[in-house]
Amino acid sequence: MRQKFIHNFLLERKKNKEKRNLISKGILIPIHSFEEYSALVKKAKHEANGPLFTNCFMMPDEIKRLISLGAFYQMKTNNGLAFIDDEGAYYYAFFYLDPKNTFQVPQLDKNILSENVYRHDKMLPNQAAFEEKLTEDGFTDNGIYYQVSTVPQLSPEKFWNRLKVIEKSLQAEGKYISAPTNKQLKTFEKVYKESIDIYVQKKYSKKERKKQRDQGFLSCLTDDSGEIYAISISAVLHGGAIASNKKYDANGYAAAMAVKALEGWYKAIPEDESARKEYMRCKAFGWIKSTNTASLRLHKSLGYNLTEKEMHQFVKPGYAKY
């Protein structure tokens, strides 16, 4: 345990040293306020010869959160503007640029992830040009994700019948679902990082995780021993996540969590028709990798519908061997 702690400590120190080096060279420029970010974007648009293409899908509140954590930077580029945020295991990048011009960003210590979102079979010319520029600059194809609605279409009757079976099974095993305790949060995060695709993961501080837990956004399948068998993160947090502890992958606990997580949603369905229509309107979305057939099957069985949107991921390898 002590050796692992020392290893992680030294690894973080090495990463921080590499980042400070990139900052000192002017490759990364820390952004200190949302106003500073907005001014840079406004200036770039004003000075451009025509409309700039952007793959920025971040809401202002998310950018403000990253800035407050000291994890948001402008990145050196020869075309328009580039911004990245530090997600711990990788950097996430988005751009404001002219896809007709040459495009180049520096290699950083960690991998750089960038994404392109478009309608299925309806990619626009500037989106296609953007993907071509990424490839020319050393980004490699990391696969396609399908966007999925977070509003289930499974009938209430079918849902309650399925839940009844699951609850009976879990009760027989002495397991139950609850919010993770402070002591369990470390294991909760470990399961999240080991089970969720690295390029879908989001980095949160311990303080943020505790707040999410207190808001009812985090839950886990556990027992009286405190073991965590599976975790669930609400869809309001970047589309959410459900995963089983790798030690128990074969037990189907992630599927049980997916059903149990919907209990509150089904309980709250309004009786009034107009109120129900608004309640059933999808307000959040998630993403499933096109090759993740198990997840696609599970979501389909719960009545989740795929939208027309797809997300194409590209990754530029980093130079450091962490």
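The structure presented is a predicted model; accordingly, all values stated were derived computationally and were not measured. (Residues numbered from 1 in each chain as written. Predicted model: local features only at pLDDT ≥ 70, side-chain atom pairs only at ≥ 80, totals over all residues. Heavy atoms only, no water.)

(A) Just the sheet that holds strand β11 (residues 241-244), in detail. The strand order across the open sheet formed by 4 strands is β8-β9-β10-β11, and the pairing between neighbours is antiparallel. Strand pairing shows two members of the sheet lacking a second neighbour, β8 (176-178) and β11, which therefore form its edges. If you compare each strand with its neighbour and ignore which way they point, the axes differ by 20 degrees on average. Bridge count for β8 against strand β9 (residues 218-222) is 3 bridges, and the pairing is antiparallel. Looking across to β9, one finds that tyrosine 176 is bridged to threonine 222. (Pairing = 2+ DSSP bridges. Helix = DSSP H or I, 4+ residues; strand = E, 2+ residues; numbered from the N terminus. Axes fitted to C-alpha atoms, helices over the stretch in contact; angles between N-to-C directions.)

(B) View of unusual backbone geometry. The phi dihedral of aspartate 121 falls on the positive side, at around 60 degrees, and the residue is not glycine. As for its placement among the helices and strands, aspartate 121 is situated in the loop between β6 (112-119) and α4 (125-136). Classification of aspartate 121 as exposed rests on a relative accessible area of 68%. (Buried < 20%, exposed > 50% of the residue type's maximum accessible area, 1.4 Å probe, protein only.)

(C) Structural detail: the confidence of the model for the protein chain. When the pLDDT values of the protein chain are averaged, the result is 91; 97% of them are 70 or greater. For the protein chain, per-element mean pLDDT is lowest for helix α1 (residues 2-24), which scores 80, and highest for strand β3 (residues 72-75), which scores 98. (pLDDT = per-residue confidence, 0-100.)

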